[in-house]
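Geometric and topological summary
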Number of protein chains: 2
Amino acid sequence: MLSEKAKKVFEEPQLHVEDIQADKFQQQIDYIFQHSEFYREKFQKAGIERENIQSLNDLKKLPFTYKDEIRASQKKAPPLGTHAAADMEDIVRIHSSSGTTGRPTYTGITRQDYDVWTEMLARVCYTHGIRQDSKVVFAMGLSFFVGSAMKDGIERLGATFIPIGTGASDRVVRSIIDFQADVLFCTPSYATYLAEFVKKNYGMHPSELGLKLMSVGGEPGGGLPEVRRKIESEWNCKVMEAMGNADMAPVLFSECPEQKGMHFIGADNVICEIIDPETGEIVPESDHMEGELVYTAINRECVPLIRFRTRDLVQVDTTPCACGKKSFRLRCIGRTDDMLIIRGVNVFPSAIKDVVNSFRPKTTGEIRILLKEKPPLVNPPLPLKVEIANGLSEREQEALQKDVQAALRFKLFFTAEVELVSEGSLPRFEMKAKLTERLY
Amino acid sequence: MLSEKAKKVFEEPQLHVEDIQADKFQQQIDYIFQHSEFYREKFQKAGIERENIQSLNDLKKLPFTYKDEIRASQKKAPPLGTHAAADMEDIVRIHSSSGTTGRPTYTGITRQDYDVWTEMLARVCYTHGIRQDSKVVFAMGLSFFVGSAMKDGIERLGATFIPIGTGASDRVVRSIIDFQADVLFCTPSYATYLAEFVKKNYGMHPSELGLKLMSVGGEPGGGLPEVRRKIESEWNCKVMEAMGNADMAPVLFSECPEQKGMHFIGADNVICEIIDPETGEIVPESDHMEGELVYTAINRECVPLIRFRTRDLVQVDTTPCACGKKSFRLRCIGRTDDMLIIRGVNVFPSAIKDVVNSFRPKTTGEIRILLKEKPPLVNPPLPLKVEIANGLSEREQEALQKDVQAALRFKLFFTAEVELVSEGSLPRFEMKAKLTERLY
Ligand SMILES: [Zn+2]
Ligand SMILES: [Zn+2]
């Protein structure tokens with residue numbers, strides 16, 4: 001059963017989330033001026049006083065917060081950094097994210113932060129379609145922050161949580177069968193592995209296990225249409241994704257059964273902005289705006305974050321969803337690290353792939369962008385390898401090459417130098433689509 | 001901060017736990033008659049009607065519940081069995097215990113059971129000496145029921161929970177250092193492994209990490225004095241144990257800093273009886289009574305258990321503890337499966353070991369009891385191998401042999417046939433003391 005608080009935000013449009021946001025934002029700014037050395041200094045440097053922040057409109061005046069600043073803050077004042085704004089005795093949990101190099105970064109939560117996370121995770125599950133009578137087998141670890149929070153959220157929702165962990169496939173299968181479980185949480189690669197495991201060891205087709213929903217996460221890949229299609233057809237169930245951020249919250253976006261993007265579920269705790277990653281300007285509102293996702297916590301004790309740059313490039317959909325939820329949806333289209341700027345225009349590798357994909361089945365859809373210089377600023381013409389399907393005549397190939405170049409010029413405003421390569425010649429990557437290749 | 005409820009039970013002796021027990025017991029019996037098919041049938045067979053159970057004194061009239069009955073009940077009515085007394089939609093978590101053979105047994109908890117477990121686990125930590133300002137690194141998995149419950153309990157207590165999980169020793173060490181953590185939860189064997197890891201990879205002595213307390217569990221061995229002494233001297237910290245039961249609750253007994261047995265922390269939720277495992281009679285109360293521990297839940301929704309036979313043989317200490325807590329303490333001295341009955345007298349292998357140990361350093365304390373017939377009923381004289389220390393003269397050996405035999409006769413009332421064997425000749429077992437060897 002969803003808590004009363006959650007129900008209000010979800011099911012009663014007469015409650016204006018903007019009012020809640022405005023109130024909480026002011027309280028959060030008060031809190032920050034009182035408790036966060038990091039933000040006091042940051043605002044002072046930017047010439048911002050408390051009285052300059054009077055409404056939500058003033059948010060855009062505030063400086064961005066970058067992950068590097070968090071790292072530097074923790075290096076300067078280990079372990080939690082000057083941006084942490086709670087006393088250790090009020091912190092009930094600390095998660096570490098290992099990072100690729102050097103020291104881990106730490107995120108702490110107070111009892112209130114814990115409550116907010118749990119509430120949001122319950123909503124994530126509710127949005128997926130999980131209900132009180134759902135039986136949820138959890139085949140991921142619980143020490144990681146998403147796992148811990150998911151456990152708490154599933155239990156708050158009142159579904160039946162069946163934790164198994166990793167490396168115990170027999171117990172996973174056994175639990176699904178014994179409880180006629182309808183939901184499985186796992187990584188996309190485990191979903192694929194488990195399908196083979198079931199066929200080999202139980203002589204059953206995975207679809208016979210009767211799962212209705214698989215929520216995948218913990219590694220890239222679940223969002224790729226081909227990975228998802230494969231899992232869905234093997235298991236005959238819906239595959240859904242959710243998305244969060246190590247510094248802000250385990251999950252803030254969650255797919256509904258319509259599977260047309262992930263709904264934002266955290267409006268009473270987090271404000272989202274969509275900005276141009278180059279200029280930092282807010283992207284003008286439109287049905288399908290694209291840009292970098294920026295978070296501002298309005299309800300955070302241990303790690304307040306103002307205009308935190310996620311580096312996630314998203315496409316936002318504000319049109320009504322058939323599921324009935326009013327909240328906007330998004331899909332992740334890349335990372336700002338991957339973005340290219342060609343003659344002043346932002347171009348995402350995934351957008352190039354989308355254009356090429358529109359020429360299927362003449363092409364396999366597999367591409368490789370060759371970068372002669374360090375992104376994001378690159379100069380046209382852009383060399384681009386495009387895989388063709390077997391059996392195309394020479395004339396068809398010539399036409400395809402010209403058509404792809406024309407489409408790229410028309411849709412993305414740049415000149416490409418398309419080289420057709422034979423089917424299967426571009427190396428495949430298991431999980432993450434690798435769209436670029438560096439020549440510099 | 002301990003919740004108000006916990007504080008009352010702990011710190012206000014004017015609150016009579018017996019009154020709470022009596023009230024809750026009646027409510028539990030009502031609940032069982034209403035919701036548990038298993039107990040309705042069981043009581044009917046035993047000729048027990050609702051009105052026969054009017055006070056705590058009537059508890060001893062009720063039949064015991066055996067683990068085998070739980071297994072049979074789950075086999076008869078999978079997955080949770082006829083003894084389960086909650087609807088699936090009210091169950092928020094299910095744990096499976098793998099068992100050595102065949103199908104796993106499942107234990108479910110409702111929201112109220114979850115709350116009771118969490119409260120008890122908070123008390124377990126409080127009894128150890130963990131407080132709101134403690135920083136607790138958790139190097140065990142959280143999918144297992146003890147881990148999940150411990151997480152919830154530590155967080156409810158308000159200490160800082162730092163989950164790391166297994167297989168990430170660098171992150172364990174790093175977290176202890178970065179947060180000046182005072183508490184580590186791990187298995188006894190991991191404590192030993194980690195000491196070597198720290199010396200090898202960090203060039204530090206483990207004691208330099210400054211841990212004050214290590215709570216060990218998850219495998220046998222932490223209770224063995226020699227294992228504990230080794231860990232304590234390596235880490236220069238206290239090693240404490242806790243004990244629970246897969247069917248009743250993750251933890252019900254917890255050591256205090258006095259380290260003289262584990263305090264019972266669950267009196268408002270569980271009634272303990274100490275019985276003679278052979279006759280089933282309640283052991284007459286005394287300061288140091290011994291017998292099998294039997295649990296009755298008085299507050300359980302999903303898995304009510306009446307007079308559940310744990311097979312744990314315990315020695316109970318009802319004398320006041322220097323820590324100030326009034327609750328009785330116990331230590332586990334074996335399993336009923338290990339018990340021997342020699343001419344009508346119960347003899348535990350650990351008791352034989354204790355007698356031999358009193359002759360250290362002439363003996364290493366290592367023994368092996370040779371069983372010519374299937375326990376528990378065995379006939380004297382009992383063949384017993386006792387390891388002697390190096391360097392004993394022939395005359396000293398003769399004397400030792402006679403003295404050990406005399407002490408066993410005097411203290412445990414049976415005749416042994418002691419064979420002295422040389423130091424190091426009995427095989428050692430890493431974690432579990434193996435005291436018997438079967439010859440039949
Ligand atoms: Zn929707
Ligand atoms: Zn004590």
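What you see is a predicted model; the values in this text were computed from it and never measured.

Calculation notes
Residues numbered from 1 in each chain as written. Chains lettered and ligands numbered in written order. Predicted model: local features only at pLDDT ≥ 70, side-chain atom pairs only at ≥ 80, totals over all residues. Heavy atoms only, no water. Buried < 20%, exposed > 50% of the residue type's maximum accessible area, 1.4 Å probe, protein only. Helix = DSSP H or I, 4+ residues; strand = E, 2+ residues; numbered from the N terminus. Pairing = 2+ DSSP bridges. Donors = N, O, S within 2.8 Å, 3.2 Å for Na, K, Ca; no water. Tetrahedral: all angles 85-135°; square planar, octahedral: opposite > 155°, others 65-115°. Core = buried A, V, L, I, M, F, W, Y, C linked by side-chain atoms within 4.5 Å. Contact = heavy atoms within 4.5 Å. 1 Å grid on protein atoms, 1.4 Å probe; cavity = no way out; pocket = protein on both sides within 12 Å on 5 of 7 lines; lining within 4 Å. Points joined across faces, edges and corners; volume = space filled by probe spheres on them. Phe/Tyr/Trp six-rings, centres within 6.5 Å; stacked < 30°, edge-to-face > 60°. Axes fitted to C-alpha atoms, helices over the stretch in contact; angles between N-to-C directions. Expected span 1.5 Å × (residues − 1). Arc of directions from axis to C-beta. Least-squares fit on C-alpha atoms with pLDDT ≥ 70 in both. Salt bridge = Lys/Arg side-chain N within 4 Å of Asp/Glu carboxyl O. Domains from an automatic or database assignment. Buried area = accessible area lost by both parts, 1.4 Å probe. Polar contact = N/O pair within 3.5 Å; in protein donor to acceptor, adjacent residues only side chain to side chain. Nonpolar A, V, L, I, M, F, W, Y, C, P; charged D, E, K, R; others polar.

**Details of the pairing of strand β1 (residues 91-97) of chain B**
Residue and element names in this part refer to chain B. Of all seven residues in β1, six are buried, a share of seventy percent or more. Here β1 runs beside strand β2 (residues 105-110); their pairing, made up of six bridges, is antiparallel. Along β2, the bridge assignment pairs Ser 97 with Thr 105.

**Considerations on the coordination of the zinc ion (ligand 2)**
Residues and elements named next belong to chain B. Taken together, the protein donors to the zinc ion (ligand 2) comprise Cys 256 (SG), His 263 (NE2), Cys 321 (SG) and Cys 323 (SG), at separations of 2.1 to 2.3 Å. Taken together, the four donor atoms surrounding the zinc ion (ligand 2) define angles of 102 to 115 degrees at the centre, an arrangement classified as tetrahedral. Overall, Cys 256 belongs to the buried group, its relative accessible area being 1%. Take Cys 321: its relative accessible area is 9%, and that puts it in the buried class.

**So, the nonpolar core**
In terms of nonpolar packing, the biggest core is built from 201 residues, with Met214(A), Trp235(A), Met214(B) and Trp235(B) touching the most fellow members. Apart from the residues lying within four places of it in its own chain, the contact partners of Trp235(A) are Ala191(A), Leu194(A), Ala195(A), Val198(A), Pro206(A), Ser207(A), Leu209(A), Leu211(A) and Met214(A). Judged by nonpolar contacts, the second largest core, of 31 residues, contains Met339(B), Ile352(B), Phe359(B) and Ile369(B).

**Re empty space enclosed by the protein**
Residue and element names in this part refer to chain B. A complete count under the given rule lists five cavities of 30 Å³ or more for this structure. Empty space within the largest cavity amounts to approximately 110 Å³. For the largest cavity, the lining is made up of 14 residues, of which His 95, Ser 96, Ser 97, Thr 107 and Phe 145 are closest to its centre. Every element with two or more residues in the lining of the largest cavity is listed here: β1 and β2.

**Brief notes about the packing of aromatic side chains**
Scanning the entire structure with this criterion turns up 30 aromatic pairs over all chains. With a centroid separation of 4.6 Å and an interplanar angle of 75 degrees, the aromatic rings of Phe179(A) and Tyr106(B) are classed as edge-to-face. Of this pair, Phe179(A) sits in helix α7 (residues 169-179) while Tyr106(B) sits in strand β2, which puts the two residues in different chains. When its relative accessible area of 3% is taken as the criterion, Phe179(A) is described as buried. On the accessibility criterion, Tyr106(B) (3% relative accessible area) is buried. Ring geometry for Phe197(B) and Tyr202(B): centres 6.2 Å apart, planes at 50 degrees, overall tilted. Linked through ring pairs, Phe33(A), Phe38(A), Tyr39(A) and Phe43(A) together constitute an aromatic cluster.

**Considerations on the coordination of the zinc ion (ligand 1)**
Residue and element names in this part refer to chain A. Protein ligation of the zinc ion (ligand 1) involves Cys 256 (SG), His 263 (NE2), Cys 321 (SG) and Cys 323 (SG), the donor distances falling in the range 2.1 to 2.3 Å. Around the zinc ion (ligand 1), the four donor atoms are arranged such that angles at the metal cover 102 to 113 degrees; this shape is classified as tetrahedral. The motif formed by the donor residues of the zinc ion (ligand 1), counted along the single chain, is C-x6-H-x57-C-x1-C. Judged by its relative accessible area of 0%, His 263 is buried.

**Considerations on the sheet that holds strand β18 (residues 382-388) of chain B**
Residue and element names in this part refer to chain B. Strand order across the open sheet formed by four strands is β19-β18-β16-β20, with mixed pairing between neighbours. Edge positions in the open sheet fall to β19 (416-421) and β20 (436-438), since each of these has one partner strand only. Here the average twist between neighbouring strands, direction ignored, is 25 degrees. Judged from the six bridges that link them, β18 and β19 form a sheet pairing that is parallel. By the bridge assignment, Val 386 is partnered in β19 with Leu 420.

**Considerations on helix α8 (residues 188-202) of chain A**
All names here are of chain A. Taking 1.5 Å per residue, 15 residues should reach 21 Å; α8 reaches 21 Å between its end C-alpha atoms and fits that length. Looking only at α8, the buried set comprises Pro 188, Tyr 190, Ala 191, Leu 194, Ala 195, Phe 197 and Val 198. On its buried side, α8 packs onto α7, β5 (183-186), β6 (213-216) and α9 (225-235). Immediately beyond the C-terminal end of α8, within one or two residues, lies Gly 203, with a positive phi of roughly 55 degrees.

**Here we look at the environment of Gly108(B)**
Residue and element names in this part refer to chain B. Tracing the backbone through its elements, the reader meets Gly 108 in strand β2. Judged by relative accessible area, Gly 108 falls into the buried class, the value being 0%. Along the sequence, Gly 108 and Lys 238 sit 130 residues apart, while their C-alpha atoms lie 34 Å from each other. Here Gly 108 is in contact with Ile 91, Arg 93, Ile 94, Asp 113, Cys 302 and Val 303, once residues within four sequence places are set aside.

**Comments concerning helix α9 (residues 225-235) of chain B**
At 3.6 residues per turn, the α-helix brings residues three or four places apart onto the same side. All names here are of chain B. Listed in full, the buried residues belonging to α9 are Val 227, Arg 228, Ile 231, Glu 234 and Trp 235. Down the axis of α9, the buried set is contained in an arc of 135 degrees. They therefore lie on one face. Residues of α9 that are buried make contact with α8 (188-202), β6 (213-216), β7 (238-245) and β8 (249-255). At the exit of α9 stands Asn 236, carrying a positive phi of roughly 50 degrees.

**Remarks on the relation of the copies chain B and chain A**
With an axial shift of 0.1 Å and an RMSD of 0.1 Å, the rotation relating chain B to chain A amounts to 180 degrees. Within this description, the copies of the chain are treated as partners about a two-fold rotation axis. Every residue of chain B has its C-alpha some distance from the rotation axis, and the shortest such distance is that of Leu142(B), at 2.7 Å. A shared interface surface links the copies, since 100% of the contact residues of chain B are contact residues in chain A too.

**Brief notes about the pattern of salt bridges**
Residue and element names in this part refer to chain B. Considering all chains together, one arrives at 48 salt bridges over all chains under this definition. Put simply, Asp 354 and Arg 331 hold a salt bridge, and the shortest N to O gap is 3.6 Å. With Asp 354 in helix α10 (residues 349-357) and Arg 331 in strand β13 (residues 329-335), this pair connects stretches of sequence that are 23 residues apart.

**Overview of the environment of Val356(B)**
Relative to the elements of secondary structure, Val356(B) occurs in helix α10. Setting aside residues no more than four positions away along its own chain, Val356(B) makes contact with Thr363(B), Gly365(B), Ile367(B), Leu384(B), Val386(B) and Val404(B).

**Concerning the domain arrangement of chain A**
If you check the domain split of chain A, you get domain 1 (1-335) and domain 2 (340-438). If you average the C-alpha positions of domain 1 of chain A and of domain 2 of chain A, the two centres end up 32 Å apart.

**Let's talk about the interface of chain B and chain A**
Listed per partner, the contact involves 41 residues of chain B and 42 residues of chain A. Both faces combined, the contact of chain B with chain A buries some 3,300 Å², and carbon together with sulfur accounts for 51% of it. Of all residues in chain B, the largest losses of buried area upon contact with chain A belong to Ser143(B), Glu155(B) and Phe179(B), amounting jointly to 16% of the total for that side. Put simply, chain B and chain A have four salt bridges between them. Across the pair Lys151(B) and Asp152(A) runs a salt bridge whose closest N-O atoms are separated by 2.9 Å. Summed over the shared surface of chain B and chain A, the result is 24 residue pairs in polar contact (both at pLDDT 80 or more). Listed by contribution, the elements that provide at least two residues to the side of chain B that touches chain A are β1, α5 (111-128), α6 (145-157), β4 (160-163) and α7 (169-179) of chain B. The residue inventory of the side of chain B that touches chain A, partitioned by class, reads 18 nonpolar, nine polar and 14 charged.

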